[in-house]
Amino acid sequence: MALPALALPGQPLGPTSKYTPGPGTHVQSAQIIASICGPVLTSRPLPSSSTSAAGSKPSKTTPLPLEVLSVSRTPLPASTTAASTVGAASAAETSNVLPEVNNIVLARVVRVMARQATVEILVVGDGVVREAFQGVVRVQDIRATEKDKVRVGESFRVGDVVRGIV
C-alpha cells in the first residue's frame, strides 16, 4: 500500500511493523492512523548516541530503525505538493471515486437539522476524493437501537469529521 500524499483524520497510513508513529498519528490495531489533516511525511530516525560512539560497530542482531511516519499541520512547499504530482499520475488515479454501497467514507458535517445532518464526503475507502460529495445522515441511521430517542443536534456538530458506511 502506497502512502497517501494527504491524510485525513482516521485514515490508515501503514502498519506498525513497517513504520514508527510520529507527530500527527496514533496507533490502533497495529495500524498507524492519521490524527490530523495534512501532508504525510516519512523520515529516518536519528541515530542514537550509544551506537555512534567511535570504535563501536553496530551488531548484526540490532535491527535497523523503522522510518517515522508523521502528518504535518503545515502544507508542503509547492515543489513537493500533491498538485505538482497530479500531472505525473495516471488518469485513473486522479479521477473521482464514486461512493458505492458498503464503502467506508470519512465526511465533514456541514449542516445539522432536526431530522438529519448534511455531510461533505472527503474520503472513499483509502482514496481522497478530488471534489467533495454531499451526503445525508438521517436520524434513523445514527443508532441501531432506541432510534426514537436520538437527537441529531446532540450527536453531531458542524465541523465534526465522521466515519460511516454507505
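Please read all numbers here as calculations on a predicted model, not as lab measurements. (Residues numbered from 1 in each chain as written. Predicted model: local features only at pLDDT ≥ 70, side-chain atom pairs only at ≥ 80, totals over all residues. Heavy atoms only, no water.)

Turning our attention to the overall build of the protein chain. Each helix and strand counted, the protein chain has four helices and eleven strands in total. Evaluated residue by residue, the protein chain yields a buried proportion of 25% over its 166 residues. Sequence-distant contacts in the protein chain: of pairs separated by 6 or more residues, those separated by 24 or more amount to 56%. Accessible area of the protein chain: about 11200 Å², with a carbon and sulfur share of 56%. (Helix = DSSP H or I, 4+ residues; strand = E, 2+ residues; numbered from the N terminus. Buried < 20%, exposed > 50% of the residue type's maximum accessible area, 1.4 Å probe, protein only. Contact = heavy atoms within 4.5 Å. Areas by Shrake-Rupley, 256 points an atom, 1.4 Å probe, with all protein chains shown as cover.)

Now for the UniProt feature "domain: Exosome complex component CSL4 C-terminal" (unreviewed entry) in the protein chain. As annotated by UniProt and renumbered to match this structure, "domain: Exosome complex component CSL4 C-terminal" (unreviewed entry) occupies residues 98-126 and 130-165. Within residues 98-126, the helical portion is 0% and the strand portion 62%, while the C-alpha atoms at the span's ends are 12 Å from each other. Between the C-alpha atoms that bound residues 130-165 the distance is 19 Å, and the span itself is 22% helix and 39% strand. (UniProt positions renumbered as here; feature names shortened; annotations may be inferred.)

Let us now look at the pairing of strand β7 (residues 67-71). Buried residues dominate β7, accounting for four of its five residues. Sheet topology places strand β6 (residues 38-43) next to β7; four bridges connect them, and they run antiparallel. Looking across to β7, one finds that leucine 41 is bridged to serine 70. (Pairing = 2+ DSSP bridges.)

With a phi close to 55°, serine 29 is a non-glycine residue in the positive phi region. Inspection of the secondary structure puts serine 29 in the loop between β4 (25-28) and β5 (31-34). Although it is not a glycine, alanine 30 sits at a positive phi angle of roughly 60°. Inspection of the secondary structure assignment puts alanine 30 in the loop between β4 and β5. Exposure remark for alanine 30: the relative accessible area of 47% places this residue in the partly exposed category.

Take the UniProt feature "domain: Exosome complex component N-terminal" (unreviewed entry) in the protein chain next. If you check UniProt for "domain: Exosome complex component N-terminal" (unreviewed entry), the listed places come out as residues 6-40 in our numbering. When the span residues 6-40 is considered, its composition is 0% helix and 57% strand, and the gap between its end C-alpha atoms is 6 Å.

What follows deals with the sheet that holds strand β11 (residues 161-165). Read from one edge to the other, the open sheet built from four strands follows the order β10-β9-β8-β11, with strand pairing classed as antiparallel. Because the sheet does not close on itself, it has two edges, and the strands there are β10 (127-138) and β11. Taking each pair of neighbouring strands and ignoring which way they run, the sheet shows an average axis angle of 35°. Bridge analysis of strand β9 (residues 116-124) against β10 gives eight bridges, and the strand direction is antiparallel. When the sheet's bridge partners are listed, glutamate 120 is paired in β10 with glutamine 134. (Axes fitted to C-alpha atoms, helices over the stretch in contact; angles between N-to-C directions.)

Take the pattern of salt bridges next. Under the counting rule described, the total for this entry stands at three salt bridges. The salt bridge involving arginine 138 is made with aspartate 141; its shortest N-O contact spans 2.9 Å. The partly exposed category is assigned to arginine 138, whose relative accessible area is 40%. Where glutamate 154 meets arginine 151, a salt bridge forms, and the shortest distance between an N and an O atom there is 3.9 Å. Note on glutamate 154: relative accessible area 66%, which makes it exposed. With relative accessibility at 55%, the residue arginine 151 sits in the exposed group. (Salt bridge = Lys/Arg side-chain N within 4 Å of Asp/Glu carboxyl O.)

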